[in-house]
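Fold and contact review
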Amino acid sequence: MSLYTTEAPIIITCNKRLAPYLDQEVKDLGYKIEEAFITGVRIKGTINDCIKLNLNLYCASQVLYSLEQFEAQSPDHVYNHLVKMAWEDILPDPGYFSVTSNVQHPTINNGMFANLRVKDAIVDRLRDKRGNRPSTGSELVGAVIHLFWKHDYAEIFVDTSGDSLARHGYRKIPGRAPMLEALASATILASKWDKTSPFINPMCGSGTLAIEAALIASKTRPGLFRDNFAFMHLQGYDKEVYYNEMYVLEDQIIEVSGLRILATDISEMAVNNARKNAIAAGVADMIEFSVCDFADTEVPEGGNGVFFVNPEYGDRLGDVDELEETYGRIGDFMKQKCKGYFGYVFTGNLDLAKKIGLKAKRRIEFYTSTIDCRLLEYELYAGTRDIKINIPQEN
C-alpha cells in the first residue's frame, strides 16, 4: 500500500474556534468536508493531498493521515496492535521518529506513558524486520506518529506536519504577548475586509495582523516560510511532488494594485521589529509602518476599509485602570476618523470593551491561549444612513 496514492481519512486540526475558517479554506482548495468539529475537520485523501494542505492552510495546526482504527482497553492492547503494523513500509531506514498523542482513558494518567507504548511497538517491529533500532526523540524534526485514544476507540495517524502549522514561520522577533499567526489569519478572514481596501492596524506590536493581511491579500501561503515538514521523512517521499506544489504557491502570488496596509505603534522598537518580520515574510513593501500614538494613525478618506486593533486587555499586559482610558480613546478614534469603515477590536476583556462607547454589530468568539476573547465588529457609518421614502408623484 502506498500512502501517496491510497485515500484514507485525513484530520486537519486547528485551535479552538478557528474551525469555521479552516473549513472554508479546505473547501476553497477543492476538498469535500466529511465532518466538522470544534477543533478541526475531516476529509479523505492521500499523503500527496496532505502535502498540499500543509503548504496552503492559514488556520490549521496539524494534518493527520489515518493509518488504522482499532479497539484498545489498555496500553498493552495499543502495543499489541501497533507491533503488527508494517512500519517498515512507512518509516525510512535509517530514520528518526517522534510520537505524540491525545489520550483520554482511565488506564492512562500520564500521556507520556501512552507515547512510550507506541514508540516501543514501532521500535520492536522495526528491530525485528531490519535488525537495527531506529532513533527516537521528542523533537518534531523527523517523522511523527500520533495516537488518538478515547475510551475504547483508538486511531493511529501519521502527523504530516510536525511542528504546528499555526506558527507560520516568518516571525523571527515575536515581541510581547504576540498573537498566534493562525489566530490572526482567522480574525481577518472573519472580518468584512475585501482584501483591496485599506487595512488600518494601530498598536501593531510585532506586526502579525498587518503581515497576515498582506499575505492573505497577495495569496502568499504560509508553506513558503518552512523548509521542514514531517511528511518529508516518510518512506517513499517524492520531493518532486513537494517542489511542484511550491511552484504553484509561488505562481499564484498576486500584486494588489493600490492596496494600503498601515501599521503603527507608539514603540519605535515594536515598529522596527514588525518591519523585520515583514521583510522575512516578503511583504515589507506592502505595509506602511510608522511610529506614533494610535490616535495619530492615518486613515485614508473614502477608503471603505477596516480599522483593526488588538489592544492590551489587562490579563498579561497593561493596567486595567489605564486601559479604560485607552479603550475610550479607541471608540473616539473610530467615531471621528473611521467613518465609512468597519471597525474591529480583538479583546479578552469585555468590561473594558464597554468603554469603547459603541454598540458592536457582531461579537465573534475566539480564544487566545486559554483566554476567552471576542472580535467586536463596528459598522462606522459615513453619515446619516440613507432612508428611502416613497413620495407620491404629482399628476
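None of these values were measured; they are calculated from a predicted model.

Here we take up the overall build of the protein chain. Counting secondary structure elements, the protein chain contains ten helices and 15 strands. Oriented by its inertia axes, the alpha-carbon framework of the protein chain measures out at about 90 × 60 × 45 Å. Expressed as a percentage of the 395 residues in the protein chain, the buried residues total 51%. Across the protein chain, the fraction of contacts at a sequence separation of at least 24, relative to all contacts at a separation of at least 6, is 76%.

On to the sheet that holds strand 12 (residues 306-309), then. Taking strand neighbours across the sheet as the criterion, the seven strands line up as 11-10-9-12-13-15-14 in an open arrangement whose pairing is mixed. Here the strands that pair on one side only, and so sit at the sheet edges, are strand 11 (287-291) and strand 14 (362-368). If you compare each strand with its neighbour and ignore which way they point, the axes differ by 20° on average. Seen against the sheet, helix 5 (residues 181-190) touches strand 9 (199-201), strand 12, strand 13 (342-347), strand 14 and strand 15 (371-379) and runs at an angle of roughly 170° to strand 14. On top of the sheet, helix 8 (residues 268-281) reaches strand 10 (261-265) and strand 11; it is set at about 160° to strand 11, its chief contact.

Attention shifts here to the nonpolar core. Side chains of nonpolar character tend, in soluble globular proteins, to be buried together. Of all hydrophobic cores here, the largest spans 126 residues; its most connected members are Ile12, Trp87, Ile156, Ile287 and Phe366. Other than its neighbours up to four places away in sequence, Trp87 contacts Leu67, Leu82, Ile122, Arg125, Leu126, Arg130, Ile145 and Ile156.

Paired through backbone hydrogen bonds, the strands of a sheet run either parallel or antiparallel to each other. Read from one edge to the other, the open sheet built from eight strands follows the order 2-3-1-4-8-7-5-6, with strand pairing classed as mixed. With partners counted over all chains shown, the strands left at the sheet margins are strand 2 (35-37) and strand 6 (135-136), one partner each. Bridge count for strand 4 (residues 62-71) against strand 8 (residues 153-159) is seven bridges, and the pairing is antiparallel. Each residue of the ladder has a partner; that of Leu64, found in strand 8, is Asp159. Docked against the sheet, helix 3 (residues 75-82) engages strand 4, strand 7 (143-150) and strand 8, running at close to 100° with respect to strand 4.

What follows is about helix 2 (residues 47-56). For an α-helix, 3.6 residues make a turn, and residues three or four places apart therefore share a direction. Counting buried positions along helix 2 yields eight of ten residues, so the element is predominantly enclosed. Of all the residues in helix 2, the buried ones are Ile47, Asp49, Cys50, Ile51, Leu53, Asn54, Leu55 and Asn56. Lining the buried residues of helix 2 we find strand 1 (8-13), helix 1 (19-28), strand 3 (40-45), strand 4 and helix 7 (239-251).

Now for the environment of Tyr313. Take Tyr313: it is sitting in the loop between strand 12 and helix 9 (320-337). The class for Tyr313 is buried, based on a relative accessible area of 9%. Here the alpha-carbon distance between Tyr313 and Cys373, two residues 60 residues apart in the chain, equals 9.9 Å. Non-local contacts of Tyr313, meaning those with residues more than four positions away in its chain, are made with Leu323, Tyr327, Phe346, Thr347, Gly348, Asn349, Leu352, Thr368, Ile371 and Cys373.

Glancing now at the UniProt feature "domain: THUMP" (unreviewed entry) in the protein chain. UniProt's entry tags residues 49-160 with the feature "domain: THUMP" (unreviewed entry), counted in the numbering of this structure. In residues 49-160, the share of helix is 32% and the share of strand is 32%. The end C-alpha atoms are 10 Å apart.

This part covers the pattern of salt bridges. Scanning all chains against the criterion turns up 20 salt bridges. Its salt-bridge partner being Lys354, residue Asp351 comes within 3.6 Å of it at the nearest N-O pair. Asp351 gets classed as exposed once you look at its relative accessible area, which sits at 54%. Between Asp372 and Arg374 there is a salt bridge, with its nearest N and O atoms 2.8 Å apart. The exposure class of Asp372 is partly exposed, given its relative accessible area of 35%. Overall, the relative accessible area of 14% leaves Arg374 in the buried class. Overlapping salt bridges, with partners in common, bring together Arg17, Glu365, Asp372 and Arg374 in one network.

Between its terminal C-alpha atoms helix 7 stretches 18 Å, which fits the 18 Å expected from 13 residues at 1.5 Å a residue. Turning to helix 7, the residues buried within the fold contact helix 2. Where helix 7 starts, the residue carrying a side-chain oxygen 3.0 Å from the main-chain nitrogen of Glu240 turns out to be Asp238.

Judged from the five bridges that link them, strand 10 and strand 11 form a sheet pairing that is parallel. When the sheet's bridge partners are listed, Thr264 is paired in strand 11 with Ser290. Traced from strand 10 through helix 8 to strand 11, the parallel crossover comes out right-handed.

Another aspect to go through is the layout of surface pockets. Of the volumes computed, that of the second largest pocket is approximately 470 Å³. Contributing to the lining of the second largest pocket are 19 residues, with Ile11, Thr13, Phe37, Asn102 and Phe148 lying nearest its centre. For the lining of the second largest pocket, the secondary structure elements donating two or more residues are strand 1, strand 2, strand 4, strand 5 (96-104), strand 7 and strand 8. Element by element, the count of residues in the lining of the second largest pocket is highest for strand 8, at four residues.

So, on to the packing of aromatic side chains. One pass over the structure, following the stated rule, counts 14 aromatic pairs. Judged by centre distance (5.7 Å) and plane angle (25°), the ring pair of Tyr21 and Phe366 falls under stacked. Residue Tyr21 is located in helix 1, and its partner Phe366 is located in strand 14; the two are separated by 345 residues in the primary sequence. You'll find Tyr21 and Phe366 in the same group, each marked buried. Clustering of aromatic rings is evident, with ring pairs tying together Trp193, Phe199, Phe308, Phe342 and Tyr344.

The rules behind each value
- Along each chain, residue indices are assigned from 1 in the same order as the chain's sequence is written.
- Side-chain atom pairs in this predicted model are given and counted only at pLDDT of 80 or more, local residue features only at pLDDT of at least 70, and totals for whole chains, interfaces and linings cover all residues.
- Values shown for side chains rest on all heavy atoms present in the structure; no hydrogens or waters enter the calculation.
- By the criteria applied, helices consist of DSSP H or I runs no shorter than four residues and strands consist of E runs no shorter than two, each listed in order from the N terminus.
- Relative accessible area decides the class of each residue, using a 1.4 Å probe on protein chains only: under 20% of the type maximum gives buried, over 50% gives exposed, and in between gives partly exposed.
- Should any heavy atoms of two residues lie within 4.5 Å, those residues are counted as being in contact.
- At least two DSSP bridges between two strands are required for those strands to pair.
- Orientation is described by axes fitted as lines to C-alpha atoms, over the contacting stretch for helices, and by angles from 0 to 180 degrees between their N-to-C directions.
- Joining through side-chain atoms within 4.5 Å is the link that ties buried Ala, Val, Leu, Ile, Met, Phe, Trp, Tyr and Cys residues into a set, and such a set is a nonpolar core.
- UniProt positions are given in the numbering used here, feature names are shortened, and annotations may be inferred rather than shown by experiment.
- Each reported salt bridge corresponds to a side-chain nitrogen of Lys or Arg within 4 Å of a carboxyl oxygen of Asp or Glu.
- Take the residue count of a helix, subtract one, and multiply by 1.5 Å to get its expected span.
- Nitrogen and oxygen atoms within 3.5 Å of one another constitute a polar contact, given that in protein one can donate a hydrogen and the other can accept it, and given that sequence-neighbouring residues count only through two side-chain atoms.
- Convention used here: a crossover is right-handed provided that the path from the first strand, over the helix, to the second strand proceeds clockwise when the strands point away from the viewer.
- Of the grid points, spaced at 1 Å and generated over the protein atoms alone, those admitting a 1.4 Å probe that cannot get out make up cavities, while open sets with protein on both sides within 12 Å along at least five of seven lines make up pockets; any residue with an atom within 4 Å of a point is treated as lining.
- Grid points are joined across faces, edges and corners, and a volume is the space filled by probe spheres set on the points.
- Pairing of aromatic side chains requires ring centres within 6.5 Å, counting the rings of Phe and Tyr and the six-membered ring of Trp. Pairs whose planes differ by under 30 degrees are stacked, by over 60 edge-to-face, and all others tilted.

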